[in-house]
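Coordinates in review
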Amino acid sequence: MSIDNVLKKFEPLPENLLPILKEVQETRPEGYLTPDDLRKVAKYLHMSYARVYGVASYCSALRVVPKGMHIIQVCDSPACQLMGATTVLEELKSLLGISEGETTPDGLFTLETTSCLGVCGVAPAMVVDEDVWGNLTPDKIRQIIESYREEETR
Amino acid sequence: MSSKEMVTIHIDGKEIHAPRGASLLKVARDNGIDIPGLCYYEKVSPTGSCRLCVVKIDGRPGLVPSCMVQVEDGMKVTAFDDEIESVRRGILEMILAEHDDDCINCEKNGSCELQDLAFRYNLGRELRTLPSLLDVVPKIYDDSSPVLIYDSHKCIKCGRCIKACFEIQGKGVLSFAGKGLGEYVVAGIENWADSACDGCGECVQACPTGALVEKPVYGVRVREIDVDRKVVTTCPYCGVGCQLELWIKDDRIVKVRGYDDIPNRGSTCVKGRFGLDFVHSPDRLKYPLIKKDGKFVEVSWEEALDYVASRLSEIRDKYGPDAIAGLSSAKCTNEENFVFQKFMRAVIGTNSVDHCARLCHASTIAGLVRAFGSGAMTNSIEEFLNADVIFITGSNTTETHPVTATYIKRAVLFHNAKLIVADPRRIDLVDYATVWLQQRNGTDVALFNGLMHVIWKEGLMDEEFIRSRTEGFDEFIKVIEKFTPEKTEEITDVPKEKIIEAARLYGSAERASIVYAMGITQHVTGTDNVLSLANMALLTGNVGRESTGVNPLRGQNNVQGACDLGALPNVFPGYQKVTDPNARRKFEEAWGVKLPEEPGLTVVEMMYAATQGKVKAMYFMGENPVISDPNIPHVKEALEVVEFLVVQDIFLTETAQYADVVLPAASFAEKNGTYTNTERRVLWVQKAIDPPGEAKPDWVIVQDVARKMGYDMGYSSVKDIIDEINRLVPIYAGITYERIRNGEKLQWPCPSPEHPGTKYLYKDRFNRPNGLGKFHPVDFIPPAEWPDEEYPFLLSTGRILYHFHTTSMTRRTQALPQYVEGPYMEMHPDDMKKLGIEDGEVVRVVSRRGEIKIKAIASGRVYSGSVFIPFHFAEAAANMLTNDALDPISKIPELKVAAVRIEKIE
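Figured I'd write up the structure that's included with this text. Being a predicted model, the structure only gives us computed values, none of them experimental.

**Considering the interface of chain B and chain A**
- Taken together, the 17 residues of chain B in the interface contact 14 residues of chain A.
- The contact between chain B and chain A buries some 1,100 Å² in all, and 58% of this surface belongs to carbon and sulfur atoms.
- Looking at the side of chain B facing chain A, the largest losses of area belong to Gly178, Lys179 and Ile189 of chain B, adding up to 47% of the total buried there.
- Remark: the boundary between chain B and chain A carries one salt bridge.
- Arg39 of chain A is the partner of Asp194 of chain B in a salt bridge, and the nearest nitrogen-oxygen pair spans 3.1 Å.
- Only strand S8 (174–177) and strand S9 (184–187) of chain B provide two or more residues apiece to the side of chain B that touches chain A.

This is the structure we're talking about:
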């Protein structure tokens, strides 16, 4: 679906900025909002470019630079922190060979942190794309990452 | 009033009286209690984000940011104790952890609020407890703007720039991007140049650190501590009259700041802040020039003055005084205009003195004098803030009067004003408007009559006002009767629903202001258009009160003053008619000579008189008619045929090329005097530097020529001229040198030294002999030239933000041409497709008068069938095409409507 078709679905009201950006991003195979996307949305909503870029670059659900095929977000909220989120993050860093905010050279994974996922009962937790993974241990993390890698090679 | 109610509070035991609701931080600082703070900026709403201004308030838990607290009676505040100071120190450390304190190479060194606080809290690098986070703070260094630089490593994320852009300028171009340590200020999406930023620099002025700094557009990087002196003066560009602070080093302007006073309160536009380097242009005229064998040769003042005086005397004696015509200047000071018109009248003996006001607001003076009694803005710029409805027509205010536009935008954004825009082009203010009426060019009278028809039919007029304060209603309403919404739609193309909506809005407002400019005045029906707007204000009683009125925005810095001081062929200074024997007697006694009785020639008439052989010599002070006047081919012919032409200017302009003698003048920065801004306010112009070479102030030169011709004006300073103006011009009688120099910014009429000046006109009576406002029955008359088969497009001309008048100043700046380099034509994409023209393609535009080649750009601003060309640029001058058909009353030419043909260049 083109961006114009997405825009058509929404009234040009400022409060529609977030849903519009989210839906436009979903139509993008590369999974991020290009400068041209943002300009079109800004013009449609009569908002300044900076305002639209400000929101897009702030909201963790939105991306303004190319990302990996799978987005890994490790919860860094208190419950997960207490249950070992730091270990989870370190494990992922060494496993993927990248730092937080970076993407693996093969373009498969982007590593990020996120605020509370609302699954404190299974802390420490992370979310890969839409899938939530809890009660994480270094072993479990290795298996999860391996499963995504296999899926891609298949 | 409750908002002015005073309360008593205690800060650290000190009793303080302050108005209820004032910001606690401001109250404390005003009383000498220096609570620190970085995000607080008095001109915008408090943010409360830096937390440095925290205090303790009895009865409230914890520490609260004092900028966010409104004072209440009995409040007991602790501003300083060990705990608070320790918290502040900690906060400051955190800010410094993200800050690149490279003060050694920072433009803000010595005037940085963060540096001051770091010093105050003794936070040298080795004394800090937190490590620097600079390694993990992304460095965003954006120098893509022509006028400013942003550095995220100097930015403390206070948000002052973002709020200044939105809350002061009404633009909202800036925002925060990213989050956490990666947060930074962004304009546009990829960089500053990508944004709608127009370079006004309000953000730079608001920045507490070196994060946003001016680019060195004046040639050198300077810090405030390097500056030799700061000179407060009045901006030389448009009629707003912004107060500027020129920073001078080594006798050069090195930086410009907006000065916090009436009328701009510290704001400027891009031209005022970043466009004054023309003063130091190598092109400045430094010595008098005489054309010998077709070439200009530098000569001494003595030789130039002798030559001018003898040639003018010869021509006067041979052909009579009316064979000489003069153009005074809306760029020059009041005093210079006074001296120039005095020279033409008393020394030459002719009333043929005019200036470019003829081309902008002659119809305003004609119309408003007839309707109200005086030809000027009825109200003041700051009053727009409190209007309920603002009706703007024929004024692209954001570009032509940028700082006035900030008041209008703020009225809409923050004071609930409703904006009606009536303009054929989709100007920027349409984004702020409740209703936009897109009338066809040249159908203004029909539109206004249509609006008044609805106001009348729906009983929205002010009957009491009409009865007690006006005359001529019955005649007037007969014309209005036939302008039904249907008929109005037919003429104007504005849908009748919109006409009705706008009429109701304007008609039911308690305080409605009309604002207009050259889209109204530059028509063969210019005077009618103005009369029609005056009718609207009279009909609804929207004149003679605060935040109402009919407000022509005057274009040049001193076009109001040039008119006020008599640079017009039919009036002496102060609009005293040359045909009035009493007025004449007064000036004859003062000047000791017999004065001519008949009104002289206007701008366009002079040119025709020249080609008809009636005018033999011309003297132009600071005017460039070869670009600014309609029908340029004819103007050039006129300048070629006159026997003698003197041009006095700061540059060798297109017009000066035709001169026999060129006299080098001082720029605004090099002389003293006054300008009268668009709201009738007399503003001081302060000499900041010496003129280059042997250039002199215009009044000195004119006085010298007069002396050579045997007439001694006897002025030794600007004060002498002001004294004479006080004696001879009743509306300026009380605006004395002493009051001006004491910082009073008085608005005329100011009849005596005790008078406070007049904020808005016609409070109790109009300035007509019987004291009543007069309705004029004005019917619709089409423009002199409509598009037809041969010339199918309607051409309109106008101004743009980044250039001024004939660009002799703006093109000699470093920054402004980076925004807009040269000529272009706005054209509707549908029309371009039809003619097979690509965006950016150079085309030929032909009218009955001439033709130009110009780049066509696709623009949604114009409607299909119309094109727009900025008139500034000599190489594709819109005035090669414009029509010099004149308004019969005011003699203003129809610059806003001409029929043209557009051809592809094969």
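**Observations regarding the layout of surface pockets**
Residue and element names in this part refer to chain B.
- What the second largest pocket holds in volume is close to 1,200 Å³.
- Lining the second largest pocket we find 44 residues, and of these Tyr41, Glu42, Lys43, Arg160 and Asp260 sit closest to its centre.
- Broken down by secondary-structure element, the contributors of at least two residues to the lining of the second largest pocket are helix H3 (113–120), helix H4 (160–168), helix H5 (202–206), strand S10 (212–214), strand S12 (243–249), strand S13 (252–258) and helix H12 (402–414).
- Along the lines of polarity and charge, the residues of the lining of the second largest pocket split into 18 nonpolar, eight polar and 18 charged.

**Examining the pairing of strand S29 (residues 673–676) of chain B**
Residue and element names in this part refer to chain B.
- Burial along S29 is two-sided: Gly673 and Tyr675 and Thr674 and Thr676, pointing in opposite directions, are all buried.
- Of the pairings in the sheet, the one linking S29 to strand S30 (residues 682–685) comprises four bridges and is antiparallel in character. Bridge assignment links Thr674 to a residue of S30, and that residue is Trp684.

**Comments concerning the sheet that holds S12 of chain B**
Residue and element names in this part refer to chain B.
- Read from one edge of the open sheet, three strands run S11-S12-S13, paired in antiparallel fashion. The sheet terminates laterally at strand S11 (229–234) and S13, the two strands that pair on one side only. Taking the axes of each pair of neighbouring strands and ignoring which way they run, one obtains an average angle of 30° across the sheet.
- Pairing of S11 with S12 involves six bridges; the strand directions are antiparallel. The residue of S12 that forms the bridge with Lys230 is Trp247.

**Here we look at unusual backbone geometry**
- The amide bond that connects Ala123 of chain A to the next residue, Pro124 of chain A, takes the cis arrangement and shows omega of -5°.
- Following the sequence through the fold, Pro124 of chain A ends up in the loop between strand S2 (109–114) and strand S3 (126–128).
- Of note, the phi angle at Asn416 of chain B is positive, near 60°, even though the residue is not glycine.
- Look at Arg680 of chain B: it is not a glycine, yet its phi comes out positive at around 70°.
- Of note, Arg680 of chain B is situated in the loop between S29 and S30.

Analysis parameters
- Starting afresh in each chain, residues are numbered from 1 along the sequence in its written order.
- Chain letters start at A and ligand numbers start at 1, both assigned in the order the entries are written.
- Since the coordinates come from a predicted model, pLDDT governs what is reported: local features require at least 70, and pairs of side-chain atoms require 80 or more to be given and counted, while whole-chain, interface and lining totals use all residues.
- Hydrogen atoms and water are omitted, and side-chain values are computed over all heavy atoms in the structure.
- Any pair of residues with heavy atoms lying within 4.5 Å of one another is described as a contacting pair.
- By buried area we mean the combined loss of accessible area, with a 1.4 Å probe, across both parts when two parts are placed together.
- Every case where a carboxyl oxygen of Asp or Glu lies within 4 Å of a side-chain nitrogen of Lys or Arg is listed as a salt bridge.
- Numbering of helices and strands runs from the N terminus; a helix is a DSSP stretch of H or I covering at least four residues, while a strand is a stretch of E covering at least two.
- Think of a 1 Å grid over the protein atoms and nothing else: a 1.4 Å probe that fits but is trapped marks a cavity, an open set flanked by protein within 12 Å on at least five of seven lines marks a pocket, and residues with an atom within 4 Å of a point count as lining.
- Grid points are joined across faces, edges and corners, and a volume is the space filled by probe spheres set on the points.
- Ten residue types, Ala, Val, Leu, Ile, Met, Phe, Trp, Tyr, Cys and Pro, are classed as nonpolar, four, Asp, Glu, Lys and Arg, as charged, and the remainder, Gly among them, as polar.
- Type-normalised accessible area, obtained with a 1.4 Å probe on protein chains alone, sets the label of each residue: buried when under 20%, exposed when over 50%, and partly exposed for intermediate values.
- Here, a strand pair is defined by DSSP locating no fewer than two bridges between the strands.
- Fitting a line to C-alpha atoms yields each axis, with helices limited to the stretch in contact; the angle taken between N-to-C directions then spans 0 to 180 degrees.

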